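# Observations on the three-dimensional arrangement
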Amino acid sequence: MIIETDKLISELIEITKENITIVEDFIQRPFDDLKAKSNENSWSVLECIAHLNLFSEFYLPALKKAINKNISPPSYFFYPSFTGNIWLN
């Protein structure tokens, strides 16, 4: 799926804002609800957030390094990789 870069960035910003709103809603929920699991093989809300925070310590610096290393001019269109294309559809 080829998409205009500006459109993709706008969509990602909106998704991020929606996710922030969802996570902020967790503050209002009882602690027991946040640590509850729907089944023994699932993760609780707290486990998911802890996982994201832990892995962000690796991914955010790596992404920042890759962005700063890029010397290519911005492209009008975004061309995802094969794997990226799977996630976009």
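Predicted model only: the values in this text are computed from it and were never measured.

Where nonpolar side chains cluster on the molecular surface, the patch consists of L54, F55, F58, Y59, L60, L63 and I67 and spans about 770 Å² of accessible area. Along the polypeptide, Y59 turns up in helix α3 (residues 45–69).

On to the packing of aromatic side chains. Scanning all chains against the criterion turns up 4 aromatic pairs. With a centroid separation of 4.9 Å and an interplanar angle of 75°, the aromatic rings of F58 and Y59 are classed as edge-to-face. Residue classification places Y59 among the partly exposed positions, given a relative accessible area of 45%. For the pair Y76 and F77, a centre-to-centre distance of 4.8 Å together with 85° between the ring planes defines the contact as edge-to-face.

Do not read the predicted coordinates in detail wherever pLDDT is low. Within the chain, residue pLDDT values average 90, and 98% of them lie at 70 or more. Across the chain, helix α2 (residues 31–35) holds the top mean pLDDT of 96, while helix α4 (residues 82–88) sits lowest at 75.

Okay, the pattern of salt bridges next. Oppositely charged side chains may form a pair once their charged atoms are brought near each other. Counting across every chain of the model gives 4 salt bridges. Between R29 and D25 there is a salt bridge whose closest N-O contact spans 3.1 Å. For D25, a relative accessible area of 36% translates into the label partly exposed. The closest approach of N and O atoms between D32 and K35, which form a salt bridge, is 3.6 Å. With a gap of 3 residues between them, D32 and K35 both fall in helix α2, about one helical turn apart. Using a relative accessible area of 51% as the deciding quantity, one classes D32 as exposed.

So, about helix α1 (residues 5–26). For α1, built from 22 residues, the straight-helix expectation of 32 Å at 1.5 Å per residue is met to within 8% by its first-to-last C-alpha distance of 32 Å. All buried positions along α1 are accounted for by T5, L8 and F26. When α1 is viewed along its axis, its buried side chains cluster within an angular range of 55° and face the same direction. Exposed and facing more than 90 degrees away from the buried side of α1 are D6 and T21.

Thresholds applied
- Residues numbered from 1 in each chain as written.
- Predicted model: local features only at pLDDT ≥ 70, side-chain atom pairs only at ≥ 80, totals over all residues.
- Heavy atoms only, no water.
- Patch = residues over 30% accessible without salt bridge, like charges linked within 9 Å, V, L, I, M, F, W, Y side chains within 5 Å.
- Areas by Shrake-Rupley, 256 points an atom, 1.4 Å probe, with all protein chains shown as cover.
- Salt bridge = Lys/Arg side-chain N within 4 Å of Asp/Glu carboxyl O.
- Helix = DSSP H or I, 4+ residues; strand = E, 2+ residues; numbered from the N terminus.
- Phe/Tyr/Trp six-rings, centres within 6.5 Å; stacked < 30°, edge-to-face > 60°.
- Buried < 20%, exposed > 50% of the residue type's maximum accessible area, 1.4 Å probe, protein only.
- pLDDT = per-residue confidence, 0-100.
- Expected span 1.5 Å × (residues − 1).
- Arc of directions from axis to C-beta.

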